[in-house]
Amino acid sequence: MSKNVTIDWQLEDAASGPRVIGLIALSSDLTLERDVSRMVPAGQVAVYVNRIHNQNPMTLENLAAMQNDMAEAAAGILPESRLDAIAYGCTSGTVAIGPQKVIDIISGARPGVAVTTPITAALDGFRMLGIQRIAVLTPYPHEVNAPITAWLEENGISVLSLDTFGMDSDVDVARIPPEAIIAAASAADHADADAVFLSCTALRSVECIADLEQRLGKPVLTSNQAMLWRALRLAGYDGKIPGYGELMLR
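Residues numbered from 1 in each chain as written. Predicted model: local features only at pLDDT ≥ 70, side-chain atom pairs only at ≥ 80, totals over all residues. Heavy atoms only, no water.

Caption draft 1: Quick peek at empty space enclosed by the protein. Enumeration over the complete set of coordinates arrives at two cavities of 30 Å³ or more. Roughly 70 Å³ of volume is contained in the largest cavity. Around the largest cavity sit 13 residues that line it, and Leu26, Cys90, Ser92, Cys200 and Thr201 are the ones nearest its centre. Of the residues assigned to the lining of the largest cavity, the class counts are seven nonpolar, four polar and two charged. For the second largest cavity, the calculated volume is near 50 Å³. In terms of lining, the second largest cavity is formed by Ile21, Leu23, Val36, Val47, Ala87, Met227, Leu228 and Ala231. Considering each element in turn, the lining of the second largest cavity owes the most residues, three residues, to helix 11 (residues 223–235). Within the lining of the second largest cavity, the residues separate by chemical class into eight nonpolar, no polar and no charged. (1 Å grid on protein atoms, 1.4 Å probe; cavity = no way out; pocket = protein on both sides within 12 Å on 5 of 7 lines; lining within 4 Å. Points joined across faces, edges and corners; volume = space filled by probe spheres on them. Nonpolar A, V, L, I, M, F, W, Y, C, P; charged D, E, K, R; others polar. Helix = DSSP H or I, 4+ residues; strand = E, 2+ residues; numbered from the N terminus.)

Caption draft 2: How the structure looks around the sheet that holds strand 7 (residues 195–198). Strand order in this open sheet of four strands is 6-5-7-8, and the pairing throughout is parallel. Sheet topology places strand 6 (158–164) and strand 8 (220–222) at the edges, where each strand pairs with a single neighbour. For this sheet, the mean angle separating the axes of adjacent strands, direction not counted, is 20°. With four bridges connecting them, strand 5 (residues 133–138) and strand 7 associate as parallel partners. Note on strand 7: the bridge partner recorded for Ala135 is Val196. Against the sheet, helix 10 (residues 209–216) touches strand 7 and strand 8, its axis set at about 150° to strand 8. Of the strands in this sheet, strand 7 and strand 8 touch helix 11, which is tilted by about 80° from strand 8. (Pairing = 2+ DSSP bridges. Axes fitted to C-alpha atoms, helices over the stretch in contact; angles between N-to-C directions. Contact = heavy atoms within 4.5 Å.)

What follows is the structure in structure tokens.
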């Protein structure tokens, strides 16, 4: 015979539990979510992902077109639940659209939620570490590299050198092996650079940070590392995450 049982219980406080970060990843990106899962502190931060349509090849026109779907992508991440921060996971796309415009679009869709991007997070990281001069490695074609260099220079960061794999598909970028990234970043370094920046969320550079910092004797920042670091800080998590560079210890 079944019987009714009354149990006293109540819903948990919505503000309790881990910090919550929303992440907008490109539909074609094979690397970003894997990198975030490597670095995010388990049990203390939860990351929820929505994807935004991206069209290869990597051209400024295709990258800028993502702004058309950005508000919907942001609004679709836990629309009835708390978000402590949200990140748009495309470095070159942020610059093609305009960093402030990206932030404004996402903020419009998710009012009151702190927003970051890979390139603005990298700039925050440079400033945190006192970095003014950098060497850069990207996988992009020249038309995509040029505005990134210009934006960094406009914001007080001297780009002393820039090397590139010269690719136009982020699917292929994700297939560049770590050993090739390490060799290319080492060759891209400049003797007068305070740090090396590896740009692109599809590039498997998070796997290379520790090796490169030991080899080069200077900080190494990457798109995914810097973006997650800034998102964590905006979300109120200030713990150190060893193994992924000097920035993650700040």
